[in-house]
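Listed below, chain by chain, are the residues.
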Amino acid sequence: MIVLGIESSAHTFGVGIVTEYKENFILADERIQYVPKHGGIHPRESSRFLAEKAPMVIEKAFEKASLQLDDVNAIAVALGPGLGPCLRVGATAARALASFLKKPLVPVNHAVAHIEIGLKMTGLQDPVVVYLSGGNTAVIAYVEKRYRIFGETLDIALGNLLDTFARETSLGPPYVVAGMHVVDKCAESGKKFLDDFPYVVKGQDVAFSGLLTTALRAYRRGLDIHDICLTMREIAYNSVLEVTARCLMHTRKKEVMLVGGVAASPILREKFAKMAEKYNAIVGVVPPQYAVDNGVMIAWTGLLAFKSGLTIDLRSAIVKQRWRVDEVEIIWK
Amino acid sequence: MEVDLPQLKKWLDEDVVILFADRNEKIPLISDLKLLSMGAEAYIFKARFMGVEAVVKWRFPKNYIPEELDEKMRRSRTKLETKILWKALSLGIKVPTPLFIDLDAGILIMSFIEGESLRDVAEKIDKDVLCQVMKTVGSYAATLHLNGITHGDLTTSNVIVAKDGVYLIDFGLASFTKRCEDMAIDLHIFFRSIESTHYRIEDVAKKCFIDGYKQVVGDSKTETLIRAVDSIRLRGRYIAARKLRTEWVG
């Protein structure tokens, strides 16, 4: 069985083609990323860029896989969550393909896809999933047919905190240089911890907006930026670690999986490894290439869903900007 | 679980002399240390403290947090937790009694409560009993809130059903506050712990909790709080019920 997956939830248009093989299951993995000249992702600009590049990326994927259009058994598409205009580009392309090729269309939740490709790549069985990216900070665990959210951010995401701070203090963009976030880099020469930075953990939830405000205020007051980076980063990372530890104890699971763009941070990884050791758990990190948005994860999750009989009528295949991971019933488990 | 016991033992390696009417007896400050569980930030031991059954909570040093920050946090949390336990006791809420603290080491010793965690028994016990337990938890929460305290981690794991009543434990994230928002978060966390682990008994559990809460603070205050809980829930990621920006107009 061969499934093609399309991802376009934010700044990446990705097309993946996968099969059921245990090894080398990826037949094609093509993607193109929108990089804003300044500021964050503007949904309209991003979607325009994605729409322009979409046909080319799809064509390239078929070329790489040496497949004919008709060789795929199903088309999978990320219908949400994400930026509306961007999601619509992928959805339109997928509906067009499915309709033209007369192939079934499979709806995929972007967040579920991140988890599923992570499981496939790390080989973990039943981990506590720590999903850290520019738009998400959540600690998730599989319980009875759903990936349930045990803790999440009540305001901004961890990646958002780091990126916004970097942007406001002219440390970035680019936010990641040589595999390291500029805030991590800046924190290296931090010497002391500043007082009164808020550490917010509420039960299993975290919140970062107060921390961002405090950090920016400290920067404007002229405090040493390295100290600010260090304090902010440690507080932010450690609150996520604490929530993860809490979830490990609560669910009694023995694995931790890091997924999402921020999971690529070597410093965060090291902290997680040390923490997990304390709890006799093992840590799996999704390789950076598949931790960020890509088409392969959509194709792979689509394949799992399709094998369990999930398809969607073309007419009802509309995007859902808001579609929580815990709303999806995991029928293939 | 790998526990660095020597370090803890060093802190507590003392003898105490107990004076009886007819004799003096020298006993170790602490003995029979046995690991009960490991929380997100502390080890919980059962032990004999000056001859009585006790729980030792040790906020262990974490090698993944810079030492300076770690120490500061362990110290302040241990101190705050103890203060709040005393306050809760004075309000007539059943909580462990603090017996001993060592702020430098991050150790808090408190009385041991014999019972079962609500997390383990919630789905086994009779519906009426469950309702009574939930009511009590609700009234405890309300009493704490009335007095400007939030528990901070109100989940079914932190409720102990004992022979002599219902106990609240683990005030590790508790804080003094006056904000309605913080109180609402207590409820939000408690409801979510029910929804994620005990969804089979969700309705009874929530209803009885709210009934208990109402008994202490009254209907209108409770309803205001529940509205605050709803608004907190809408802040999560990708909540469909939250309006899209395009829907704000008109």
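Fair warning: this is a prediction, and the values are worked out from it, not measured in the lab.

## Notes on the domain arrangement of chain B
All names here are of chain B. By the assigned domains, chain B splits into domain 1 (5-111) and domain 2 (115-233). Measuring from the centre of the C-alpha atoms in domain 1 to the corresponding centre in domain 2 gives 26 Å. Contacts between domain 1 and domain 2 engage 15 residues on the former and 18 residues on the latter. For domain 1, the biggest contributors to the area lost against domain 2 are Ile84, Ile93 and Lys94; these three give 44% of the whole. Scanning the region where domain 1 abuts domain 2 turns up one salt bridge.

## Here's the deal with the state of the cysteines
Two cysteines whose sulfur atoms are joined by a covalent bond form what is called a disulfide. Residues and elements named next belong to chain A. Per the stated rule, a full pass over the model turns up two disulfides over all chains. Cys186 shares a disulfide with Cys229; S-S distance 2.3 Å. Taking the sign of the S-S torsion, 95 degrees for the link of Cys186 and Cys229, the bridge is right-handed. Linking Cys186 in helix H5 (residues 182-187) with Cys229 in helix H7 (residues 225-251), this pair joins segments that are 43 residues apart in sequence. Overall, Cys186 belongs to the buried group, its relative accessible area being 6%.

## Thoughts on the sheet that holds strand S10 (residues 159-162) of chain B
Remark on secondary structure: sheet strands pair via backbone hydrogen bonds, oriented parallel or antiparallel. Residue and element names in this part refer to chain B. As summarised here, the arrangement of the three strands in space is S8-S10-S11, forming an open sheet in which the pairing is antiparallel. Strands with a single pairing partner mark the edges of an open sheet, and in this sheet they are strand S8 (115-117) and strand S11 (165-168). The average angle at which neighbouring strand axes cross in this sheet is 30 degrees, direction not considered. Looking at chain direction, S10 and S11 are connected through four bridges and run antiparallel. If you follow Ala162 over to S11, its bridge partner there is Gly165. On top of the sheet, helix H4 (residues 127-146) reaches S10 and S11; it is set at about 45 degrees to S11, its chief contact.

## Some remarks on the interface of chain B and chain A
Tallying the contact residues gives 42 residues for chain B and 45 residues for chain A. Summed over both partners, the interface of chain B with chain A buries about 4000 Å², with 50% contributed by carbon and sulfur atoms. At the boundary of chain B and chain A, one finds five salt bridges. Our count for the chain B to chain A interface comes out at nine residue pairs in polar contact (both at pLDDT 80 or more). Contributing elements (two or more residues each) for the side of chain B that touches chain A: helix H2 (67-90), helix H3 (118-121) and helix H5 (180-197) of chain B. Top contributing element to the side of chain B that touches chain A by residue count: H5(B), with seven residues. Residue composition of the side of chain B that touches chain A, by class: 20 nonpolar, eight polar and 14 charged.

About the thresholds
- Residues numbered from 1 in each chain as written.
- Chains lettered and ligands numbered in written order.
- Predicted model: local features only at pLDDT ≥ 70, side-chain atom pairs only at ≥ 80, totals over all residues.
- Heavy atoms only, no water.
- Domains from an automatic or database assignment.
- Contact = heavy atoms within 4.5 Å.
- Buried area = accessible area lost by both parts, 1.4 Å probe.
- Salt bridge = Lys/Arg side-chain N within 4 Å of Asp/Glu carboxyl O.
- Disulfide = S-S within 2.5 Å.
- Helix = DSSP H or I, 4+ residues; strand = E, 2+ residues; numbered from the N terminus.
- Buried < 20%, exposed > 50% of the residue type's maximum accessible area, 1.4 Å probe, protein only.
- Pairing = 2+ DSSP bridges.
- Axes fitted to C-alpha atoms, helices over the stretch in contact; angles between N-to-C directions.
- Polar contact = N/O pair within 3.5 Å; in protein donor to acceptor, adjacent residues only side chain to side chain.
- Nonpolar A, V, L, I, M, F, W, Y, C, P; charged D, E, K, R; others polar.

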